[in-house]
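Take a look at the letters that make up each chain.
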Amino acid sequence: QVQFVESGGGLAQPGGSLRLSCTVFGNIFNGAHMSWYRQAPGKQRELVATVATSGNTQYANSVKGRFTISRDAKYTVWLDMNNLKIGDTAVFYCNVGGMGYTPSTIWGRGTQVTVSS
(Lines give C-alpha, C1' and ligand atoms only; values in the text may rest on other atoms or scores of the structure.)
Protein backbone atom coordinates (compact mmCIF):
# COMPACT_ATOMS: atom_id res chain seq x y z
CA GLN A 1 0.00 0.00 0.00
CA VAL A 2 1.37 3.39 -1.00
CA GLN A 3 1.93 5.90 1.77
CA PHE A 4 3.71 9.25 1.96
CA VAL A 5 5.03 10.37 5.35
CA GLU A 6 6.23 13.95 5.56
CA SER A 7 8.23 15.49 8.40
CA GLY A 8 10.50 18.37 9.28
CA GLY A 9 8.10 21.25 9.31
CA GLY A 10 7.90 23.81 12.07
CA LEU A 11 8.14 27.47 12.89
CA ALA A 12 10.82 29.57 11.25
CA GLN A 13 11.56 33.27 11.09
CA PRO A 14 11.72 35.09 7.78
CA GLY A 15 15.11 34.40 6.29
CA GLY A 16 15.40 31.13 8.16
CA SER A 17 15.76 27.57 6.92
CA LEU A 18 14.02 24.24 7.27
CA ARG A 19 14.57 20.80 5.82
CA LEU A 20 11.59 18.64 4.97
CA SER A 21 11.77 14.89 4.53
CA CYS A 22 9.38 12.47 2.91
CA THR A 23 9.50 8.71 3.22
CA VAL A 24 7.62 6.78 0.58
CA PHE A 25 6.17 3.38 1.35
CA GLY A 26 4.90 1.05 -1.33
CA ASN A 27 5.90 0.28 -4.87
CA ILE A 28 5.65 3.74 -6.37
CA PHE A 29 8.97 5.48 -5.80
CA ASN A 30 11.17 3.79 -8.40
CA GLY A 31 10.85 5.29 -11.85
CA ALA A 32 8.59 8.11 -10.69
CA HIS A 33 9.18 11.81 -10.62
CA MET A 34 8.82 12.96 -7.02
CA SER A 35 7.49 16.35 -6.04
CA TRP A 36 6.73 18.58 -3.13
CA TYR A 37 3.42 20.41 -3.11
CA ARG A 38 2.04 22.94 -0.66
CA GLN A 39 -1.32 24.30 0.32
CA ALA A 40 -1.64 27.64 2.04
CA PRO A 41 -4.77 28.58 4.01
CA GLY A 42 -7.61 29.39 1.65
CA LYS A 43 -5.62 28.47 -1.43
CA GLN A 44 -5.40 25.48 -3.74
CA ARG A 45 -2.58 23.01 -3.50
CA GLU A 46 0.31 23.98 -5.74
CA LEU A 47 3.38 22.26 -7.12
CA VAL A 48 6.58 23.55 -5.54
CA ALA A 49 9.45 21.38 -6.78
CA THR A 50 10.08 18.19 -8.74
CA VAL A 51 13.02 15.82 -8.99
CA ALA A 52 13.19 13.21 -11.71
CA THR A 53 14.85 9.83 -11.37
CA SER A 54 17.66 11.31 -13.48
CA GLY A 55 18.21 13.98 -10.87
CA ASN A 56 16.87 16.78 -13.04
CA THR A 57 14.91 19.32 -11.03
CA GLN A 58 12.23 21.89 -11.64
CA TYR A 59 10.92 24.63 -9.36
CA ALA A 60 8.03 27.02 -9.10
CA ASN A 61 9.16 30.56 -9.80
CA SER A 62 8.24 31.61 -6.27
CA VAL A 63 10.83 29.28 -4.71
CA LYS A 64 13.52 29.17 -7.37
CA GLY A 65 16.92 29.92 -5.90
CA ARG A 66 15.69 29.36 -2.34
CA PHE A 67 14.48 25.73 -2.27
CA THR A 68 16.37 22.59 -3.28
CA ILE A 69 14.74 19.23 -3.87
CA SER A 70 16.67 15.97 -3.76
CA ARG A 71 16.05 12.24 -3.51
CA ASP A 72 17.92 9.08 -2.73
CA ALA A 73 17.76 5.82 -4.68
CA LYS A 74 15.41 4.11 -2.28
CA TYR A 75 12.42 5.92 -0.81
CA THR A 76 13.28 9.40 0.53
CA VAL A 77 12.78 12.87 -0.85
CA TRP A 78 13.99 16.07 0.79
CA LEU A 79 13.22 19.73 0.40
CA ASP A 80 15.80 22.19 1.69
CA MET A 81 14.20 25.57 2.18
CA ASN A 82 16.34 28.66 2.68
CA ASN A 83 15.56 32.35 2.95
CA LEU A 84 12.03 31.50 3.99
CA LYS A 85 9.33 34.10 3.50
CA ILE A 86 6.04 34.63 5.27
CA GLY A 87 4.33 33.62 2.03
CA ASP A 88 5.88 30.16 2.30
CA THR A 89 3.56 29.35 5.20
CA ALA A 90 1.63 26.26 4.17
CA VAL A 91 1.18 22.56 4.68
CA PHE A 92 3.75 20.76 2.55
CA TYR A 93 3.09 17.37 0.96
CA CYS A 94 5.13 15.01 -1.16
CA ASN A 95 3.74 12.86 -3.95
CA VAL A 96 4.67 11.57 -7.36
CA GLY A 97 4.15 13.82 -10.33
CA GLY A 98 5.47 17.03 -11.75
CA MET A 99 7.13 17.70 -15.10
CA GLY A 100 3.82 16.99 -16.82
CA TYR A 101 2.76 14.06 -14.67
CA THR A 102 -0.14 14.24 -12.26
CA PRO A 103 0.13 13.30 -8.60
CA SER A 104 -1.44 10.16 -7.25
CA THR A 105 -4.76 10.38 -5.43
CA ILE A 106 -3.05 9.24 -2.24
CA TRP A 107 -1.89 12.06 0.00
CA GLY A 108 -0.12 12.00 3.33
CA ARG A 109 -0.90 14.23 6.28
CA GLY A 110 1.68 16.76 5.22
CA THR A 111 3.94 18.82 7.44
CA GLN A 112 3.12 22.34 8.56
CA VAL A 113 5.59 25.12 7.78
CA THR A 114 4.94 28.43 9.47
CA VAL A 115 7.11 31.44 8.73
CA SER A 116 6.55 34.26 11.15
CA SER A 117 8.48 36.92 12.99
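Peer 1: Explain the sheet that holds strand 5 (residues 46–51) residue by residue, including any values.
Peer 2: The mixed open sheet is built from six strands, whose spatial order is 2-10-9-4-5-6. Strand pairing shows two members of the sheet lacking a second neighbour, strand 2 (10–12) and strand 6 (57–59), which therefore form its edges. Going across the sheet, the axis of each strand differs from the next one's by a mean of 25 degrees, ignoring polarity. Note that strand 4 (residues 34–39) and strand 9 (residues 90–96) share six bridges and pair antiparallel. The partner of Arg38 across the bridge, within strand 9, is Phe92.

Peer 1: Hey, could you go over the sheet that holds strand 8 (residues 76–81) for me, with residue numbers and the actual values?
Peer 2: Pairing is antiparallel across the open sheet formed by four strands, whose spatial order is 1-3-8-7. At either margin of the open sheet sits one strand with a lone partner, and together these are strand 1 (3–7) and strand 7 (67–71). Averaged over all pairs of adjacent strands, the angle between their axes in this sheet comes to 15 degrees, without regard to strand direction.

Peer 1: Pulling in residues and values, what's your account of the packing of aromatic side chains?
Peer 2: Tallied over the full model, the rule gives two aromatic pairs. Measuring from ring centre to ring centre gives 5.2 Å for Tyr37 and Trp107, while their planes differ by 80 degrees; the resulting arrangement is edge-to-face. One end of the pair, Tyr37, is in strand 4; the other, Trp107, is in the loop between strand 9 and strand 10 (111–115), and 70 residues separate them in sequence. On the basis of relative accessibility, which here comes to 6%, the residue Tyr37 falls in the buried class. Between the aromatic rings of Tyr93 and Trp107, the centroid separation amounts to 5.8 Å while the plane-to-plane angle is 80 degrees, which identifies the pairing as edge-to-face. Taken together, the residues Tyr93 in strand 9 and Trp107 in the loop between strand 9 and strand 10 connect sequence positions 14 residues apart. Classification of Tyr93 as buried rests on a relative accessible area of 11%. By relative accessible area, which is 27% here, Trp107 ends up partly exposed. Directly above the ring of Tyr93 sits Arg45, whose terminal nitrogen or CZ lies 4.3 Å from the centroid. When the ring centre of Trp107 is taken as origin, the NZ or CZ atom of Arg45, which lies over that ring, is 3.8 Å away.

What counts, and where the lines are drawn
- Residues numbered from 1 in each chain as written.
- Predicted model: local features only at pLDDT ≥ 70, side-chain atom pairs only at ≥ 80, totals over all residues.
- Heavy atoms only, no water.
- Pairing = 2+ DSSP bridges.
- Helix = DSSP H or I, 4+ residues; strand = E, 2+ residues; numbered from the N terminus.
- Axes fitted to C-alpha atoms, helices over the stretch in contact; angles between N-to-C directions.
- Phe/Tyr/Trp six-rings, centres within 6.5 Å; stacked < 30°, edge-to-face > 60°.
- Buried < 20%, exposed > 50% of the residue type's maximum accessible area, 1.4 Å probe, protein only.
- Lys NZ or Arg CZ within 6 Å of the ring centre and 35° of its normal.

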